[in-house]
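# Observations on the model geometry
Residue-level listing of the chains:
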Amino acid sequence: MPGSIKDRVAIVGMGCTQFGELWGKGPTDLIVEAVSEALADAEIEIKDIQAVWSGTLFSGNGGRTVSEALRLPYLPVTRVENACGSGHEAVRGASYAVAAGIYDICLAVGYEKLKDEGMSGLPGMQNRTGTHYESSMPGVFAMMATRYFNRYGLSPQEGKAMLGRISVKSHHNGALNPKAHLRREITLEQVLNAPIIAWPLGLFDCCGVSDGAAAAIIVRADMVKSFKNRPVYVKALQICASPTSGRMVTDYDYTHVEEAYRAGIAAYKEAGITNPRKEVSMAEVHDCFSITEAVTMEDLQFSPRGRVKEDIEAGTFELTGPLPVQPDGGLKCFGHPIGASGIRMLYEPYLQFQGRAGKRQIKDPKIALAHNMGNEPYAPVVSVCIVGV
Amino acid sequence: MIGITAYGAYIPWHRMERQLCVKAWGGFAMPGEKAVAFFDEDSVTMGVAAALDCMGDVDPQTIDGLYFSTTTPPYKEKQSAAIMAIALGLRRDVRTADFGTSLRAGTIAFGAAHDALKAGTAKSILVTAADMRLAAPGGITEQGLGDGAAAFLLGTENVIAEIQGSYSITDELAGTWRAADDTFIRSWEDRMVLDEGYSVIIPEALTGIMKKYGLSPKDFTKVVFDSPVDGRRHGKAAAAAGFDASQVQEPFTLFLKVGLTGCASAPMMLVSALESAKPGDRILYAGSGDGVDAFILRVTDAITKLSPRRGIKGHLASKKMMDSYNAYLVWRGIVPQEEARRPPKTPARLSAIWRERRQQLGLWGIKCRKCGTVQYDNGAAATTPIRICAVCGAKDDFEDYNFSRRKAKIFSYTHDNLAPVADPPASVVLVDFEGGGRAFFDLTDRDPAEIAVGTEVEMTFRRMQVNRGLSIYHWKARPVR
C-alpha cells in the first residue's frame, strides 16, 4: 500500500531567475542566482542545507555542476533527469528524503542552459540507427492537433482559433510577469496569421526556448514555524512513465495523454481531491504547445472530454476565471529550460499563496497543481505535483 | 523450362522537363522530360522498388539468389545486393552478387542467372538493374540521362518467357567512362563512339545469335535492345540486322518520359515489351556496353496469368513535374546548401544498425502468440526489438511479422517546417496498417496538399541519410497511386 507525501514536507523558500535568451549567463550563473534567492527567501545559509537534488536534461555533469557552482561544502548532490519533468523529479527526490526522516532541510534546483545548444528549439534527438523519422517536437504535437480536430469535427480554422485563445490568454498573463521571457500581449489575429511551424501549429502555438533556473527549500512539515514565510505544503507528487504503446497499437486516439490522466488520478487521490475542477484554485501545466494545454485540461479532468473548447471560450482558465491556468504565463511565455520548468511551475503558486504575485494575484488560492510532460504525447513521462496551504 | 517468371519496374515519381536545364544554363533543349530520383532514393532503393513490383505475391523465401546491376552503387567496397536481400526478405542461404561498371551489367547479370538455373545451382533468381548516372550540369548529356530500374524473376516454374538461347560478344571501346574518382560521365566524340561502337556491335550480336540458333529476323515478333541518345541509330542498328521497323521495340517513349537509364535501359525496354507480349511471341533481347549480350525469349501462355503490376506503364502514368532545376542539383548533392543552423546530429551507431538490421532494412515486426496483436516499434530512442508485448505483456513469445508489403492508412500527419530536410516541409505520418500495427514514418513522394487523415499509403525503401560514408536505409510511407 503506497504511502502519501501529503502535508509531510513544506516549501519554505524559493528562487527563480529571469527566464530568457541569457547569452551572457552560463549554468553557474543560473544556479547561483536561483539558489541565492531561495536561501535569502528562507533566511537560511548554504551551510544549513543537508542534501541537494538537481534536475537538468542537457546542462549537467552529474551532481557536480551544482556543487561546483555553489562551492557546496562536500554535500550529497543527486542529479536527476526525467525529460521535461526533471525539475519535478528533483523536488520529488528532496521531498521523499525529508519525509523519510533522513534530512531536515534539502535543496531542489532545476536549471537548463538551452541557448548554448545552437538552435531555436531543442537539440536534435537521433536514434541509434539514424533512421528516425524527421519530425521536430512541434511536429509530433501538431499530429495531436490534427487528430483532435478530426475527432471532434473542428475545421482547421475552428481548431486553430480554439488553440489561439490559449496562447492569447497565456501571453496576457506573461506580460504581467517580470521574470517571463516573452512579455507582451498578442491578439488572436496575430496567432492565426503567424507562420506555420508544423501544420496546423503556428509560431504562437509553440512555447519559447529559454534559459533559466529555479530552486526550492524543502523542510519537514513540523519545522515550518522556524521559518518566516507562509509554508506551502506538498500534497501530492506523482509520476507516470509511458509504456509507449500508443505509437504501436491502434486503439490510442492521440487526442489525449493517458499518462497525464493517470498521473492526475493518482495525484488527486494522494491529495484527497475528489472534484478537481472545483477544488483546484490554479494550475501551471506543461503548455509546450497550445494543443498540449488543451488536452491537458481534459486529462486533468478540468474539462469534460472533447469539450475544452467551451471552457476556453467561456474564459474558465483566464486569470479572472474560476480556474486560472498559467497565471505566470506558462511555458508559452517563460520558454522551457527543461530542468528549470518543473520548479518554475511551483514558484508561481508559492508566490500566489503568499500574496506576492502582484498584478497576477489570484484571490485566496488554496490548492495549486503543476503538471509536467516530457517527450511525445504517445510516449511521455508526466508528473503532477499538487501543493497547497 | 527456364525463363522469366515475373517482371517489374520502377521509375521515380519526380520528372523534370528538359527545358528546365536550358532555363538554368541556356543552350538547346532535347524534347521531353527525365525521371529524377528523389533526395532519398539511390540505385539500391530503386532496385528494391523494382524487385517488389516484380515479386508481387511471390514468397521471398522461395528465391535462391539476388543479382543486382548498377554502375552507380552507393559503395566501392560493400555489396548492395546484401542490403537488398534483407529489404526483400530473402533467405540467408541465397547467392547475392553485384554486377557493375559496364552499361550492359543488366544483361550480364541476366545471363549469369540464366546460367545458374541451367546448371541447377538455383531454382529461382531475382535479377534487378538500377542506375542514376550523372553528367556534369549544363551539358547536353545531362538532359539525356534518367533514373530508373527493372527487375526479373528467373525460374523454372510458371515461366512467362522461356530463355531459348544466349550469345555474347565483348568489345573494347572506351566510348563513355567514369574513372574511379569521377562523379560525372566522360565521353569521346560521339560520332566515332557510335560509328565504331554501338552501330557495329549491335548488328553483330543480333546477327550472331540468329546464326548460332539458325533463326532469321522473320522468326521474331520483337527485337528489344537499348538505344543511345540519338534514337535514329537504334532503328538503323535494327535494320542492319535485317529487322523491319514494325518489329522494333521503340525506344522513344522511355527516352521522352524517363531518359537513358544506364544498365537498366535494356531491362526496362524488355519490361515494356513484355507488357504487350502475347503467348507465342518470340523476342530477341539485347543489351550493349563493352560488347553485347543477346537472348532469345519465347513468351508462354503463363503470361496471361501474371498478376497485375505497375511495370513501366503504371510508373509512367504516375508522376510529379518538378518546378525547379535547383532541386535536382540539391538532391544529387551537386551543389552544397547552407546547413541548418544547429549542431550536427549525433552519428549513427553501426553496431545498432547491424543489431536492428531486420527491423530497419526488412521492416520486420512481431505478432504476439498470446494475444495476436501485430506490432512494429520504431521509437524515438531506437528501433527496438520487441521483447515484451505492448498489449498483453507476453515475453519473447512472438512470431515474425513483416510490414513492408502491407498497405496502411494515415492516422495522423504533420508537415513540419522546423525539421531540417532536403525537401521541406518534413511530412511525417502515423499510420495504421491493414491487419494491425501502427508506426511513424516519414512520408515521401508526396504533395502536402493531397494528404489527409485516412489517405492510403504503401511502404517504400529509402535512404535516410549518409553518415560517415554509410548509406543508412529504412522504409518510408508514400501515398498509393
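Our subject is the structure listed above.
Residues numbered from 1 in each chain as written. Chains lettered and ligands numbered in written order. Predicted model: local features only at pLDDT ≥ 70, side-chain atom pairs only at ≥ 80, totals over all residues. Heavy atoms only, no water.

This paragraph deals with the overall build of chain A. When you go through chain A residue by residue, the secondary structure sums to 12 helices and 11 strands. For 389 residues, the compact-globule formula gives about 21 Å, and the C-alpha radius of gyration of chain A, at 19 Å, lands near that figure. Dimensions of chain A along its principal axes, counting C-alpha atoms only, are 60 × 45 × 45 Å. Counting only residues that meet the buried cut, chain A has 65% of its 389 residues in that class. Across chain A, the fraction of contacts at a sequence separation of at least 24, relative to all contacts at a separation of at least 6, is 77%. Accessible surface for chain A amounts to roughly 13400 Å². Of this, 51% is attributable to carbon and sulfur atoms. Of the side chains in chain A, 39 bear a positive and 42 a negative charge, and the two mean positions are spaced by 3 Å. (Helix = DSSP H or I, 4+ residues; strand = E, 2+ residues; numbered from the N terminus. Rg over C-alpha atoms; globule rule 2.2 N^0.38 Å. Buried < 20%, exposed > 50% of the residue type's maximum accessible area, 1.4 Å probe, protein only. Contact = heavy atoms within 4.5 Å. Areas by Shrake-Rupley, 256 points an atom, 1.4 Å probe, with all protein chains shown as cover. Lys, Arg positive; Asp, Glu negative; His and termini not counted. Charge placed at Lys NZ, Arg CZ, Asp CG, Glu CD.)

A separate point is the interface of chain B and chain A. Chain B puts 56 residues into the contact, and the matching count from chain A is 37 residues. Buried area between chain B and chain A, summed over both chains or domains, comes out near 3800 Å², and the portion from carbon and sulfur atoms is 57%. Applying the counting rule to chain B against chain A returns one salt bridge. A salt bridge links Arg247 of chain A to Asp377 of chain B; the shortest N-O distance between them is 2.4 Å. Taken together, the connections running from chain B to chain A amount to 18 residue pairs in polar contact (both at pLDDT 80 or more). Tallying contributions element by element places strand 18 (residues 408–416) of chain B first for the side of chain B that touches chain A, with six residues. In terms of residue class, the side of chain B that touches chain A is made up of 30 nonpolar, 15 polar and 11 charged. (Buried area = accessible area lost by both parts, 1.4 Å probe. Salt bridge = Lys/Arg side-chain N within 4 Å of Asp/Glu carboxyl O. Polar contact = N/O pair within 3.5 Å; in protein donor to acceptor, adjacent residues only side chain to side chain. Nonpolar A, V, L, I, M, F, W, Y, C, P; charged D, E, K, R; others polar.)

Attention shifts here to the sheet that holds strand 6 (residues 124–131) of chain B. Strands belonging to one sheet form pairs held by backbone hydrogen bonds; the direction of such a pair is parallel or antiparallel. Residues and elements named next belong to chain B. Taken in spatial order, the nine strands line up as 5-4-6-7-1-8-13-12-11 in an open sheet, and their pairing is mixed. In the strand order of this sheet, the two ends are held by strand 5 (95–100) and strand 11 (222–225), each with one partner. Strand-to-strand twist of the sheet, defined as the mean angle between neighbouring strand axes without regard to direction, takes the value 25°. Examined bridge by bridge, strand 6 and strand 7 (residues 148–155) share eight bridges and lie antiparallel to one another. Bridging from a neighbouring strand, Ala130 pairs with Ala149 of strand 7. Sheet contacts for helix 3 (residues 80–87): strand 4 (65–70), strand 5 and strand 6; angle to strand 4, the most-contacted strand, approximately 130°. Its contacts with the sheet place helix 6 (residues 190–212) against strand 8 (161–170), strand 11, strand 12 (282–288) and strand 13 (291–299), and it is angled at close to 130° to strand 8. (Pairing = 2+ DSSP bridges. Axes fitted to C-alpha atoms, helices over the stretch in contact; angles between N-to-C directions.)

This paragraph deals with the packing of helix 6 of chain B against helix 7 (residues 231–240) of chain B. Residues and elements named next belong to chain B. At a closest axis distance of 8 Å, the pairing of helix 6 and helix 7 adopts a crossing angle of 40°. It follows from the interaxial angle that helix 6 and helix 7 lie oblique. Crossing handedness for the pair helix 6 and helix 7: right-handed. Residues Arg191, Leu194, Asp195, Tyr198, Ser199, Ile202 and Pro203 of helix 6 form the contact with helix 7, whose participating residues are Arg233, His234, Ala237 and Ala240. By residue class, the composition of the contact of helix 6 with helix 7 is six nonpolar, two polar and three charged. (Parallel < 35°, antiparallel > 145°, perpendicular 65-115°, else oblique. Left-handed = near helix turned anticlockwise from the far one by under 90°.)

As a further point, take the packing of aromatic side chains. Applying the stated rule across the entire model yields 26 aromatic pairs over all chains. Taking 5.0 Å as the distance between ring centres and 65° as the angle between the ring planes, the aromatic pair formed by Tyr401 of chain B and Phe403 of chain B counts as edge-to-face. For Phe403 of chain B, a relative accessible area of 1% puts it in the buried group. Following the ring pairs from residue to residue traces out a cluster consisting of Tyr133, Tyr252, Tyr254 and Tyr378 of chain A together with Phe440 of chain B. Over the ring of Phe255 of chain B we find Arg18 of chain B; its NZ or CZ atom is 4.2 Å from the centre of that ring. (Phe/Tyr/Trp six-rings, centres within 6.5 Å; stacked < 30°, edge-to-face > 60°. Lys NZ or Arg CZ within 6 Å of the ring centre and 35° of its normal.)

Let's shift gears to helix 4 (residues 137–151) of chain A. Residues and elements named next belong to chain A. In this model helix 4 runs 22 Å from its N-terminal to its C-terminal C-alpha over 15 residues, within 8% of the 21 Å that 1.5 Å per residue would give. Taking burial as the measure, the 15 residues of helix 4 include 13 buried ones, the bulk of the element. A positive backbone phi angle near 65° is found at Gly153, which sits one or two residues after helix 4. (Expected span 1.5 Å × (residues − 1).)

A few words now on the nonpolar core. Core analysis: the largest hydrophobic core is formed by 99 residues, its most contacted members being Phe141, Leu163, Tyr254, Ile291, Phe302, Leu369 and Ile386 of chain A. If one sorts the elements of this core by residue count, helix 4 of chain A sits on top with nine residues. With near-sequence residues (within four places) excluded, Ile386 of chain A lies in contact with Tyr233, Val234, Lys235, Ala236, Ala267, Tyr268, Ala271, Ile273, Ile367, Ala368 and Leu369 of chain A. Formed by 52 residues, the second largest nonpolar core is a distinct cluster that contains Val44, Tyr75, Ala85 and Ala408 of chain B. (Core = buried A, V, L, I, M, F, W, Y, C linked by side-chain atoms within 4.5 Å.)

Right, let's get into the pattern of salt bridges. Across all of its chains, the model carries 53 salt bridges over all chains by this definition. Here Arg344 of chain A makes a salt bridge to Glu284 of chain A, at a shortest N to O gap of 3.2 Å. Residue Arg344 of chain A is found in helix 12 (residues 338–353), and its partner Glu284 of chain A is found in strand 9 (residues 282–284); the two are separated by 60 residues along the sequence. Of the two residues examined, Arg344 of chain A and Glu284 of chain A, each falls in the buried class. Asp432 of chain B is the salt-bridge partner of Arg438 of chain B, the closest N and O atoms lying 2.7 Å from each other. Per residue, the accessibility class of Arg438 of chain B equals that of Asp432 of chain B, and both read buried. If you follow the salt bridges from partner to partner, you end up with Asp40, Glu41, Arg310, Asp445, Glu458, Arg462, Lys476 and Arg478 of chain B in one network.

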